[in-house]
2 protein chains.
Amino acid sequence: MNQTIETLLNHRSIRKFKEKAISSEIIHTLVDVAQHTATSNFMQSYSIIGITDQQVKAQIAKIGNQPYIAESAHLFIFVVDQHRNAQIAKENGAEDVLVSGSMDRFMIGYSDALLATQNMIVAAESLGLGTVCLGSILNDAKEMIQLLKLPQYTFPVLGLAIGYPDQEPQLKPRLPMNIVYHENAYQEIGNFSEELAAYNAEVETYYDLRDANKRIDSFSKQITASMDRKPAGRMALLDYLKEQGFLQ
Amino acid sequence: MNQTIETLLNHRSIRKFKEKAISSEIIHTLVDVAQHTATSNFMQSYSIIGITDQQVKAQIAKIGNQPYIAESAHLFIFVVDQHRNAQIAKENGAEDVLVSGSMDRFMIGYSDALLATQNMIVAAESLGLGTVCLGSILNDAKEMIQLLKLPQYTFPVLGLAIGYPDQEPQLKPRLPMNIVYHENAYQEIGNFSEELAAYNAEVETYYDLRDANKRIDSFSKQITASMDRKPAGRMALLDYLKEQGFLQ
């Protein structure tokens, strides 16, 4: 076990930050690390948008319904970017750039953006910074697209709020390894209530700092409840993707 | 600059591995690290399939058309897994689990799987291992699905071949930061031929170890050529996703 792995195994999301700015040197390093991530076919099909304008941050906090977004020292939005590559190809005389909107290229850009996000998370945490991933920016992808002026063949993926931690959350217990890790082929689990009994009990001992007065539901209960979670904005993602030129 | 960041900035994909096995202790640590990655809504909507059967590995190497896949010490396939959560919910009396096939839940699982992949890459490299991401498993997603017996609401995302490096590739130059990093909103670049002139020249000095006798094309040329790359298998991804229950 080395220092890097120790940091990775100790990951917690941080949702309360100190009022301390991150130096521009560190921001530069974080973006540099993100850019050095593996990228599909060397196409670098993503962009990163750093939000420094407090008003824009506040609007994103509203979309995500998470006030701590506005309180982070720095906010990054990672986006699929097939627009840039389409533009480069057009300048170079490509007749047809429609492939940029294919499911394949969308998935490639999505993959590039997410690998880069995680690399930035690791770099930030190695510097003592705290981070929280914001899937919530997709609660209203249409508004995010307008707010960030995202052109055709781009799409928001994930937000990442970073700052100096002002809380010490408990480590959140993960599923037993045999449930997540399969060998050679997908293994069906016959009986989850039995397989997850100990894990469910463990999850119920977790105190969420977002509501420190009560413990959280078991994993199985949370998952079951999630089946009723169908907010209109998220259910419209397919339409918004098409509006951006994807899945054609 | 610390050790972790130094490792991240020195990332290269490794495509030639020593004939040296990875200990089961290290495999355990790598999966453990992957499981400690941030996960959307705590849903852990992904699975990891470790390929130890040499025949299965060989078949994946054929799908990816990359012989070095078969020569890696260990091969991981990361998959979107909304099947497990649907099963858990069914066992707990959920009447409707159709949300598991929504674009939203697909993207959540895809995101979970990719963040976990990058965390595993970082852990592996911190231990002196080399890695290469295999987007090529999607050259024939249908065959991958059959080979790994992937049920409804699951989908292959990315392969990760790991082993002890037997090559020292050059660091591959990345796009200038101002091309990838925007502030507060997406910035259109007016003139790529000018903006990318120096970068294109730099890329042309890169020797690809896959064909060590010649340099590679400029970035702009590679991107332009990629617009003609529409292999049938990859263009069918949308259909395969629907067959797995997604995008309904």
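Reading the values: the criteria
- Residues numbered from 1 in each chain as written.
- Chains lettered and ligands numbered in written order.
- Predicted model: local features only at pLDDT ≥ 70, side-chain atom pairs only at ≥ 80, totals over all residues.
- Heavy atoms only, no water.
- Least-squares fit on C-alpha atoms with pLDDT ≥ 70 in both.
- Buried < 20%, exposed > 50% of the residue type's maximum accessible area, 1.4 Å probe, protein only.
- Helix = DSSP H or I, 4+ residues; strand = E, 2+ residues; numbered from the N terminus.
- Pairing = 2+ DSSP bridges.
- Axes fitted to C-alpha atoms, helices over the stretch in contact; angles between N-to-C directions.
- Contact = heavy atoms within 4.5 Å.
- Buried area = accessible area lost by both parts, 1.4 Å probe.
- Salt bridge = Lys/Arg side-chain N within 4 Å of Asp/Glu carboxyl O.
- Polar contact = N/O pair within 3.5 Å; in protein donor to acceptor, adjacent residues only side chain to side chain.
- Nonpolar A, V, L, I, M, F, W, Y, C, P; charged D, E, K, R; others polar.
- Parallel < 35°, antiparallel > 145°, perpendicular 65-115°, else oblique.
- Left-handed = near helix turned anticlockwise from the far one by under 90°.

Under an unreviewed UniProt entry, the name given to chain A is FMN reductase (NADPH), and the source organism is Isobaculum melis.

Draft legend 1. Fine view of the relation of the copies chain A and chain B. Its rotation angle being 180 degrees, the transformation that places chain A on chain B also includes 0.0 Å of axial translation and leaves an RMSD of 0.0 Å. Between the two chains, the operation in question is that of a two-fold axis.

Draft legend 2. Quick peek at the pairing of strand 3 (residues 130-134) of chain B. All names here are of chain B. Where burial is concerned, most of strand 3 is hidden: four out of the five residues are buried. Where strand 3 lies against strand 4 (residues 154-163), five bridges are found, and the strand directions are antiparallel. Looking across to strand 4, one finds that Cys 133 is bridged to Leu 160.

Draft legend 3. Region of interest: the sheet that holds strand 5 (residues 181-183) of chain B. Reading across from one edge, 3(A)-4(A)-2(A)-1(A)-5(B) is the order of the five strands in this open sheet, with mixed pairing throughout. Bordering the open sheet on either side are strand 3 (130-134) of chain A together with strand 5 of chain B, each of which pairs with just one other strand. Direction aside, the axes of adjacent strands within the sheet are offset by 25 degrees on average. Helix 6 (residues 103-126) of chain A rests against strand 1 (46-51), strand 2 (74-81), strand 3 and strand 4 (154-163) of chain A of the sheet, and its axis sits at about 5 degrees to strand 4 of chain A.

Draft legend 4. Local environment of the environment of B:Phe17. Residues and elements named next belong to chain B. Mapping Phe 17 onto the fold places it in the loop between helix 1 (3-9) and helix 2 (24-35). Separated by 112 residues in the primary sequence, Phe 17 and Leu 129 place their C-alpha atoms 9.3 Å from one another. Beyond its immediate chain neighbours, meaning those up to four positions away, Phe 17 contacts Tyr 68, Glu 71, Ser 72, Gly 130, Val 132, Ala 161, Ile 162, Gly 163, Tyr 164 and Asp 166.

Draft legend 5. Region of interest: unusual backbone geometry. Residue and element names in this part refer to chain B. Backbone geometry places Asn 41, a non-glycine residue, at a positive phi of 50 degrees. Position of Asn 41 relative to the elements: it lies in the loop between helix 2 and strand 1 (46-51). Take Asn 41: its relative accessible area is 47%, and that puts it in the partly exposed class. In the Ramachandran plot, Tyr 153 falls in the positive-phi region, its phi being about 70 degrees despite a non-glycine side chain.

Draft legend 6. Molecular detail of the interface of chain A and chain B. Taken together, the contacts link 113 residues of chain A with 113 residues of chain B. Both sides of the chain A and chain B interface together cover about 10,000 Å² of buried area, and 63% of this is carbon and sulfur. Ranking the residues of chain A by area buried against chain B places A:Phe42, A:Asn184 and A:Tyr186 at the top, with a combined share of 9%. Counting across the interface, chain A meets chain B through four salt bridges. In this assembly, chain A and chain B are joined by 55 residue pairs in polar contact (both at pLDDT 80 or more). Looking at the side of chain A that touches chain B element by element, the count peaks at 16 residues for helix 6 of chain A. Taken together, the residues of the side of chain A that touches chain B sort by class into 61 nonpolar, 36 polar and 16 charged. Bridge count for strand 5 (residues 181-183) of chain A against strand 1 of chain B is three bridges, and the pairing is parallel.

Draft legend 7. Representation of the side chain of A:Ser226 within the structure. Tracing the backbone through its elements, the reader meets A:Ser226 in helix 11 (residues 219-226). With near-sequence residues (within four places) excluded, A:Ser226 lies in contact with B:Met43, B:Val99 and B:Arg105.

Draft legend 8. Focus on the packing of helix 11 of chain A against helix 5 (residues 83-91) of chain B. The geometry of helix 11 of chain A relative to helix 5 of chain B is characterised by a closest axis approach of 8 Å and an angle of 95 degrees between their N-to-C directions. Considering the angle they form, helix 11 of chain A stands roughly perpendicular to helix 5 of chain B. Contacts between helix 11 of chain A and helix 5 of chain B involve A:Phe219, A:Ser220, A:Ile223 and A:Thr224 from the former and B:Asn85, B:Ile88 and B:Ala89 from the latter. The residue makeup of the contact of helix 11 of chain A with helix 5 of chain B, split by class, is four nonpolar, three polar and no charged.

Draft legend 9. Fine view of the packing of helix 2 (residues 24-35) of chain A against helix 6 of chain A. Residues and elements named next belong to chain A. At a minimum axis separation of 8 Å, helix 2 and helix 6 run at an interaxial angle of 140 degrees. One finds that helix 2 runs oblique with respect to helix 6. In the packing of helix 2 onto helix 6, the handedness of the crossing is right-handed. Only Ala 116, Asn 119, Met 120, Ala 123 and Ala 124 of helix 6 make contact with helix 2, whose side of the interface consists of Leu 30, Val 31, Val 33 and Ala 34. The class makeup of the residues in the contact of helix 2 with helix 6 is eight nonpolar, one polar and no charged.

Draft legend 10. Seen up close, the sheet that holds strand 1 of chain B. Taken together, five strands build an open sheet; the order of strands is 5(A)-1(B)-2(B)-4(B)-3(B) and the sheet is mixed. Bordering the open sheet on either side are strand 5 of chain A together with strand 3 of chain B, each of which pairs with just one other strand. Across the sheet, the mean angle from the axis of one strand to that of its neighbour is 25 degrees, orientation sign disregarded. Set on the sheet, helix 3 (residues 54-64) of chain B makes contact with strand 1 and strand 2 (74-81) of chain B; between it and strand 2 of chain B the angle comes to about 70 degrees.

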